[in-house]
There are 2 protein chains.
Amino acid sequence: MSPVRKGIVPPGQAKDDVTAISPVPLHTQIREILRRRILDGSYPPHSQMPSESQMMAAFGVSRITIRQALGDLQKEGLIFKVMGKGSFVAKPKAFQSLSKLQGFGEAMAPSGYETYSLLLSAREVEASQLVAQRLELRPGDAVFEIQRLRYLNREPISVDVSYFSMALGQRLVQEDLAARDIFVILENDLGHNLTHADVQIEAISADESLARHLGIAEASPLLRIERLTFADERPIDFEFLYYRGDAFQYRLRIDRS
Amino acid sequence: MSPVRKGIVPPGQAKDDVTAISPVPLHTQIREILRRRILDGSYPPHSQMPSESQMMAAFGVSRITIRQALGDLQKEGLIFKVMGKGSFVAKPKAFQSLSKLQGFGEAMAPSGYETYSLLLSAREVEASQLVAQRLELRPGDAVFEIQRLRYLNREPISVDVSYFSMALGQRLVQEDLAARDIFVILENDLGHNLTHADVQIEAISADESLARHLGIAEASPLLRIERLTFADERPIDFEFLYYRGDAFQYRLRIDRS
């Protein structure tokens, strides 16, 4: 018995055989076809994938089979779902190494990426319990908060909320925060000797304000970074970084011993 | 003029003053009250926060003010939203250090955490393009896939999908995968000399199957880890780890130079 074509392919697509008698499960066959179309650009970044119904008709398979294939691609990060709208193709993600403490601009420049920061706000606020504890102040003490929206190749990629002592914050905003990393200003202009940072990495959902700034749907996944940077062993810069899950990843080599 | 109590507090709660004439914005005052209630256990982990309408009435403020306060707490990871249901209190997150390559059980044991793995599946599959490339095989070659649901203190925390050569995978499933880390089995029982791993970290949304295994709502944020572990400089173990965003974080100290 020769392989049986179970369905037709969407118009404009190269032909692909999906067959129920192959030892490879149908959803795996479909996943690999869809993967190929994403990687060869037939489905370009940010484009909407065909609907489940369209794919059911095109491949001649059940909804559950299509969902399994899409689920696998979603797990890999090749596509993402927007509630009530369907599945979309993810872009290749930019990545930053965690092996060395670097500002985002510094880290991206060697790969030829263009970075830019939009200053959202710069103001005095009362230190929350967490901010005070990290910067070795008392809760309610005045601290300087700088909020920036960071762009990578002209697309928003992260919201950075940074806290400094009042004196340091007021000095920082006199510098060109649009074009330069705060780390670089701290070292080169202000003579601070940055030594290390303590970093926490987790995943959260975008609230309405982060989603709006980042141009993504509310509740989209974000990487949330809490980073406390030290100069000569004293905490100097406490930050929350919110990176778009669909656009960014960290990379790292870890030794066993 | 003395501070004016703007509203009442929810029944059963300690009294808290929220005042429009304080220099501290209303939403900040409310955020700090809610934060205190979360941290002192008045709102315990996994409990549902009062609704926006209840809080509007209790504090005598507008919906936008409540939303700002909740947005801040969500950004900090203290609460999380479930679409159509409201806001819930997050648990304190377990964390694992990224400074040293360790299995989850190894990493958690010193903190007194109990870990356990449920074997979801162990089977031969065809290597996808990505799996084949990482393990230095050809796409379509047979590989051994082990899927485990990992528990921390009897709650599901991650789904781990691991790929091995056929021979190694078939050997591994003869061991006690419920109680022991694969890293430990590889080293102690099978004599492999693990050297390092290359790790990618990103944030994704849970698809239906991950959400079901992890006992969370579909589209909840997850940390997604791609990890390729080497023994004597040869790739031996390629994995996808999906950690619940509400339950887990990575920590790391990074040096500037």
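A brief structural summary. Since the structure is predicted, the reported quantities are computational estimates derived from the model, not experimental observations.

Some points on the overall build of chain A
And then number 1: The secondary structure content of chain A amounts to eight helices and ten strands.
And then number 2: For 257 residues, the compact-globule formula gives about 18 Å, and the C-alpha radius of gyration of chain A, at 23 Å, lies well above that figure.
And then number 3: For the C-alpha atoms alone, the extent of chain A along its principal axes is close to 80 × 40 × 30 Å.
And then number 4: Out of the 257 residues belonging to chain A, those deemed buried represent 56%.
And then number 5: Nonlocal contacts in chain A, meaning residues at least 24 apart in sequence, comprise 56% of its contacts between residues at least 6 apart.
And then number 6: Only carbon and sulfur atoms are counted for the fraction: they give 51% of the accessible area of chain A, which is about 11500 Å².
And then number 7: Counting 31 positive and 33 negative side-chain charges, chain A places the averaged centre of each group 10 Å from the other.

Things to note about the interface of chain A and chain B
And then number 1: The interface of chain A with chain B comprises 59 residues on the first partner and 59 residues on the second.
And then number 2: Of the roughly 5100 Å² buried where chain A meets chain B, counting both sides, 49% is carbon and sulfur surface.
And then number 3: The largest share of the area that chain A buries against chain B comes from Lys75, Ile254 and Arg256 of chain A, three residues that together contribute 18% of it.
And then number 4: Taken together, the links from chain A to chain B amount to twelve salt bridges.
And then number 5: Residues Glu218 of chain A and Lys81 of chain B are paired through a salt bridge, measuring 3.3 Å at the closest nitrogen-oxygen approach.
And then number 6: Run the count over chain A and chain B and you get 40 residue pairs in polar contact (both at pLDDT 80 or more).
And then number 7: Looking at the side of chain A that touches chain B element by element, the count peaks at twelve residues for strand β7 (residues 194-205) of chain A.
And then number 8: Tallied by class, residues from the side of chain A that touches chain B come to 24 nonpolar, 15 polar and 20 charged.
And then number 9: Across six bridges, β7 of chain A lies against strand β10 (residues 248-255) of chain B in antiparallel orientation.

A word on the relation of the copies chain A and chain B
What relates the pair of chain copies is a rotation about an axis plus a shift along that axis.
And then number 1: In the superposition of chain A on chain B (RMSD 0.0 Å, axial shift 0.0 Å), the rotation amounts to 180°. Look at the turn and shift together and you get a two-fold axis relating the two.
And then number 2: A shared interface surface links the copies, since 100% of the contact residues of chain A are contact residues in chain B too.

A look at the pairing of strand β1 (residues 79-82) of chain B
Looking down a regular strand, the side chains alternate between one sheet face and the other.
Residue and element names in this part refer to chain B.
And then number 1: Pairing between β1 and strand β2 (residues 86-89): four bridges, direction antiparallel. The residue of β2 that forms the bridge with Ile79 is Val89.
And then number 2: Here β1 hands over to β2 after three residues, with Gly84 in that stretch at a positive phi of 80°.

Overview of the packing of aromatic side chains
Residue and element names in this part refer to chain B.
And then number 1: Scanning the model with the defined rule gives 18 aromatic pairs over all chains in all.
And then number 2: With a centroid separation of 6.2 Å and 85° between ring planes, the pair formed by Tyr163 and Phe240 is classed as edge-to-face. Residue Tyr163 is located in strand β6 (residues 155-164), and its partner Phe240 is located in strand β9 (residues 234-244); the two are separated by 77 residues in the primary sequence.
And then number 3: Looking at Tyr163, the relative accessible area reads 11%, which means it is buried.
And then number 4: Residue class for Phe240 comes out buried when judged on its relative accessible area of 7%.
And then number 5: Relative to Tyr250, the ring of Tyr243 has its centre 6.1 Å away and its plane inclined at 75°; by these criteria the two rings are edge-to-face.

Things to note about the pattern of salt bridges
Residue and element names in this part refer to chain B.
And then number 1: Counting across every chain of the model gives 57 salt bridges over all chains.
And then number 2: In this structure, the salt-bridge partner of Glu226 is Arg134, at a minimum N-O distance of 3.2 Å. Taken as a pair, Glu226 in strand β8 (residues 221-231) and Arg134 in helix α5 (residues 129-134) lie far apart in primary sequence, 92 residues in all. Note on accessibility: Glu226 and Arg134 belong to one class, buried.

Some details on helix α7 (residues 182-189) of chain A
And then number 1: Along α7 of chain A, the residues that are buried comprise Ile182, Phe183, Val184, Ile185 and Leu186 of chain A.
And then number 2: A positive backbone phi angle near 70° is found at Gly191 of chain A, which sits one or two residues after α7 of chain A.

Remarks on the packing of helix α2 (residues 52-59) of chain A against helix α3 (residues 63-76) of chain A
All names here are of chain A.
And then number 1: Running from N to C, α2 and α3 point in directions that differ by 110°, and their axes come no closer than 9 Å. Classified by the interaxial angle, the pair formed by α2 and α3 is roughly perpendicular. Where α2 crosses over α3, the two elements pack in a sense that is right-handed. Taken together, the residues of α3 that come into contact with α2 (itself represented by Glu52, Ser53, Met55, Met56 and Phe59) are Arg63, Ile66, Arg67 and Leu70.

With respect to the sheet that holds strand β6 (residues 155-164) of chain A
And then number 1: Pairing is mixed across the open sheet formed by eight strands, whose spatial order is β4(A)-β5(A)-β6(A)-β9(A)-β8(A)-β7(A)-β10(B)-β3(B). In this open sheet, the two strands that pair with only one neighbour each are β4 (115-126) of chain A together with β3 (94-97) of chain B. Mean inter-strand twist for the sheet, computed between neighbouring axes without regard to direction, equals 20°.
And then number 2: Sheet topology note: the β4 of chain A/strand β5 (residues 142-152) of chain A ladder contains eleven bridges and is antiparallel. Its bridge partner lying in β5 of chain A, Ser117 of chain A is registered against Arg150 of chain A.
And then number 3: Packing of α7 of chain A onto the sheet brings it into contact with β5, β6, β7, β8 (221-231) and β9 (234-244) of chain A, and relative to β9 of chain A it is tilted by some 155°.
And then number 4: Running over the sheet, helix α3 (residues 63-76) of chain B touches β7, β8 and β9 of chain A and is turned about 115° from β7 of chain A.

Cut-offs applied
Once a new chain begins, its residue numbering starts again from 1 and follows that chain's sequence as written. Here the convention is simple: chains get letters from A, ligands get numbers from 1, in the order in which they are written. Selection of residues for local features in this predicted model requires a pLDDT of at least 70, selection of side-chain atom pairs for listing and counting requires 80 or more, and totals for whole chains, interfaces and linings are taken over all residues. Neither water nor hydrogens contribute to the side-chain values; these are computed over all heavy atoms in the structure. Secondary structure elements are taken from DSSP: a helix is a run of H or I of four residues or more, a strand is a run of E of two residues or more, and numbering for both begins at the N terminus. Radius of gyration: C-alpha atoms only; globule rule: 2.2 Å multiplied by the number of residues to the exponent 0.38. For each residue, the accessible area found with a 1.4 Å probe, counting protein chains only, is set against the maximum for its type, and the residue is called buried under 20%, exposed over 50%, and partly exposed in between. Here, residues are in contact when the closest pair of their heavy atoms is within 4.5 Å. In this description, accessible areas are obtained by the Shrake-Rupley approach with a 1.4 Å probe, and a residue is regarded as covered only by the protein chains that are shown. Counted charges follow a simple rule, with Lys and Arg positive, Asp and Glu negative, and His plus the chain ends left uncounted. Lysine's charge is taken at NZ, arginine's at CZ, aspartate's at CG and glutamate's at CD. Buried area adds together the accessible area that both of two parts lose upon being put together, with accessible area traced by a 1.4 Å probe. Any carboxyl oxygen of Asp or Glu that lies within 4 Å of a side-chain nitrogen of Lys or Arg is treated as forming a salt bridge with it. In protein, a polar contact means a hydrogen-donor-capable atom and an acceptor-capable atom, both N or O and within 3.5 Å, with residues adjacent in sequence counting only if both atoms are side-chain atoms; elsewhere, any N or O pair within 3.5 Å suffices. Nonpolar residues are Ala, Val, Leu, Ile, Met, Phe, Trp, Tyr, Cys and Pro. Charged residues are Asp, Glu, Lys and Arg, and all others, Gly as well, are polar. Any two strands with at least two DSSP bridges between them are considered paired. Here the copies were fitted onto each other by least squares, based on C-alpha atoms from residues at pLDDT of at least 70 in both. Working definition: a ring pair exists when centres of Phe, Tyr or Trp rings (six-membered ring for Trp) sit within 6.5 Å. Plane angles under 30 degrees give stacked, over 60 give edge-to-face, the rest tilted. For every element, the axis is a line fit to its C-alpha atoms; helices are fit only across the contacting stretch, and the angle between N-to-C directions ranges from 0 to 180 degrees. Convention used here: angles under 35 degrees read as roughly parallel, angles over 145 as roughly antiparallel, angles from 65 to 115 as roughly perpendicular, and any remaining angle as oblique. Left-handed is the label given to a crossing in which the near helix is rotated counterclockwise from the far helix by less than a right angle, and right-handed is the label when the rotation is clockwise.

Taken by themselves, the reported measurements are silent on function.
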